[in-house]
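Summary of structural features
The primary structure of each chain is shown beneath.
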Amino acid sequence: MIVVTGATGNVGRTLVRLLAEAGEQVTAVARGVTPADVPSGVRVQAADLGDVRSMRAALEGADALFLLVAGDDPQGLVAAARAAGVRRIVLLSTQGAGTRPHAYEHAGRFEAAVRESGLAWTILRSGGMASNTYAWAEPIRLHRTVAAPFGDVRLPFVDPDDVAAVGAAVLRDDAHDGATYVLTGSEATSPRERAAAIGRALGEAVRFVEQTPQQAREQMARFMPLPVVEGTLAILGEPTPEEQRVSPDVEHILGRAPHPFTEWAARNATAFRRP
């Protein structure tokens, strides 16, 4: 049985479906998960990664765990998984844990706990996800406008469905044990180009307004810890060559190229349509 945390999120929802379609027994875990959120036959368990005790019932009978970086007790989560009989952990981390470890210490602590767990493990370091552009949904719906910093800096954003497909593959194949993969899209795009792609998917122009770094910092600080804000702005504004590189890992694992951002935008255009 495979436990998927974050089961109602952009990656987890697709991952649960892919595993269920493959015939796996799955427990979908999220704070507010209900049977309506998952395919028929999938067990649901409301739990919070910030409360290790709440995870114990979810982990009962599990062989494998798909774990998000959430909560403040990675050692406790790993210990609970080990005590429940989990044999494999797949951790969804962030590329920044490798390229900017001081800014992403929280993810680094989760990676260390998983590596030192004594269990089989695989770490997935995701680049920026295409679904991050859902933050633009309201201004696009209301005003057909996007405001973002560093309008012409390109990064290879990854489709969360590709992250889910990689997760499903490595959870079911011990050939990936001990590996750390970097997951990116098939091409680097800029915020200005991503806004234009959403506009094409809608059939209407979307205006791009470039924010100053300070404006972006103030906006991001409303929902992100300050070190993560600074690390994120550094990646968005002055990415390293590694952060701009298209990783081969998605294609290596799935046997196909990652989806381009344009495909994600077309598939999710409804989120940006006028009310």
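Tracing the backbone through its elements, the reader meets Arg100 in the loop between α4 (96–99) and α5 (105–115). Residue Arg100 is classed as buried on the basis of its relative accessible area, which comes to 19%. When sequence neighbours within four positions are dropped, the list of residues in contact with Arg100 reads Gly231, Ala234, Ile235, Glu238, Pro239, Thr240 and Glu243.

Within the largest apolar cluster, 31 residues are counted, with the highest numbers of intra-cluster contacts made by Val4, Leu15, Val16, Leu19, Phe66, Leu124 and Leu171. Listing elements by their share of this core, those giving two or more residues are β1 (2–5), α1 (12–21), β2 (26–30), β4 (64–68), β5 (88–94), α7 (160–171), β8 (180–183) and α12 (249–254). Looking at this core element by element, the count peaks at six residues for α7. Judged by nonpolar contacts, the second largest core, of 25 residues, contains Ala47, Leu49, Leu119 and Ile123.

Attention now goes to the sheet that holds β5. The seven strands are arranged β3-β2-β1-β4-β5-β6-β8 in an open sheet whose pairing can be described as parallel. Looking at the sheet topology across the chains shown, the edges are occupied by β3 (43–46) and β8. Neighbour-to-neighbour, the strand axes of this sheet turn through a mean angle of 20 degrees, independent of strand direction. One ladder, built from five bridges, connects β4 with β5; its direction is parallel. Bridge assignment links Ala64 to a residue of β5, and that residue is Arg88. Across the sheet, α1 lies against β1, β2 and β4, angled at about 165 degrees from β1, the strand it touches most.

This next bit is on helix α2 (residues 52–59). All buried positions along α2 are accounted for by Val52, Met55, Ala58 and Leu59. Looking straight down α2, one finds its buried side chains confined to an arc of 100 degrees; they lie on one side. Against β1, β2, β3, β4 and α3 (74–84) lie the buried residues of α2. Phi turns positive, to about 80 degrees, at Gly61, one or two residues after α2.

Here is what the cut-offs are and how they apply
- Residues numbered from 1 in each chain as written.
- Predicted model: local features only at pLDDT ≥ 70, side-chain atom pairs only at ≥ 80, totals over all residues.
- Heavy atoms only, no water.
- Helix = DSSP H or I, 4+ residues; strand = E, 2+ residues; numbered from the N terminus.
- Buried < 20%, exposed > 50% of the residue type's maximum accessible area, 1.4 Å probe, protein only.
- Contact = heavy atoms within 4.5 Å.
- Core = buried A, V, L, I, M, F, W, Y, C linked by side-chain atoms within 4.5 Å.
- Pairing = 2+ DSSP bridges.
- Axes fitted to C-alpha atoms, helices over the stretch in contact; angles between N-to-C directions.
- Arc of directions from axis to C-beta.

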